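So you can see what is in the structure, the chains are spelled out below.
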Amino acid sequence: MRRRVCSFVLMGVGIAVVAFMGGASRDSVAKAGQPPAANVEVKIDNFSFGPATVTVPAGTTVTWTNRDDIPHTVVSDDKVFKSKVMDTDEKFSFTFAKPGTYSYFCSVHPKMTGKVVVQ
């Protein structure tokens, strides 16, 4: 009798583990079909944006980090986004929801330019 009870308990635990694993794998497949949120970094250094052009999928967050010794800004030509003046090591982020080409510049140093291409 004890063996039967023990066998039934072990079978129940085994079924529960299999059911749990099966559910987890279905969730993993569903999540794998969705693109992960992307993050891209652009460094500001030596009076330039690097890389000068980035191509990203819609939904991507781009973060600019000022690695220069002097202040800079990030301002889109069409005023979709605009950072405050950033000192050394300060950051500005913007999430690009819509496809398009977003040209930008530093308002302190207008010859500094860059581009984000959103697909």
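Below you will find a few notes about this structure. (Residues numbered from 1 in each chain as written. Predicted model: local features only at pLDDT ≥ 70, side-chain atom pairs only at ≥ 80, totals over all residues. Heavy atoms only, no water.)

1. Some words on the overall build of the protein chain
Reasoning step 1: Helices and strands together make up the secondary structure of the protein chain, namely 1 helix and 8 strands.
Reasoning step 2: Seen in sequence order, the protein chain has helices and strands lined up from the N terminus as α-β-β-β-β-β-β-β-β.
Reasoning step 3: Looking at the protein chain residue by residue over its 119 residues, the buried ones come to 27%.
Reasoning step 4: At a minimum sequence separation of 6, the contacts of the protein chain that also span at least 24 residues come to 48%. (Helix = DSSP H or I, 4+ residues; strand = E, 2+ residues; numbered from the N terminus. Buried < 20%, exposed > 50% of the residue type's maximum accessible area, 1.4 Å probe, protein only. Contact = heavy atoms within 4.5 Å.)

2. Observations concerning unusual backbone geometry
Reasoning step 1: P51 follows G50 through a cis peptide bond whose omega is 0 degrees.
Reasoning step 2: Examined against the element boundaries, P51 turns out to sit in the loop between strand 2 (48-50) and strand 3 (53-56).
Reasoning step 3: Phi at F47 takes a positive value of approximately 55 degrees, unusual for a residue other than glycine.
Reasoning step 4: For F47, the position within the fold is in the loop between strand 1 (39-45) and strand 2.
Reasoning step 5: Overall, the relative accessible area of 44% leaves F47 in the partly exposed class.

3. Digging into the sheet that holds strand 1
Two orientations exist for strands paired in a sheet by backbone hydrogen bonds: parallel and antiparallel.
Reasoning step 1: Pairing in this open sheet of 4 strands is mixed, and the strands run 2-1-4-6 from one edge to the other. Unpaired on one side and paired on the other, strand 2 and strand 6 (91-96) mark the two borders of the sheet. Across this sheet, the average inter-strand angle for adjacent strands is 25 degrees, counted without regard to direction.
Reasoning step 2: Both strand 1 and strand 4 (residues 60-66) contribute to a ladder of 6 bridges, which runs parallel. Across the sheet, residue V42 finds its bridge partner in strand 4, namely W64. (Pairing = 2+ DSSP bridges. Axes fitted to C-alpha atoms, helices over the stretch in contact; angles between N-to-C directions.)

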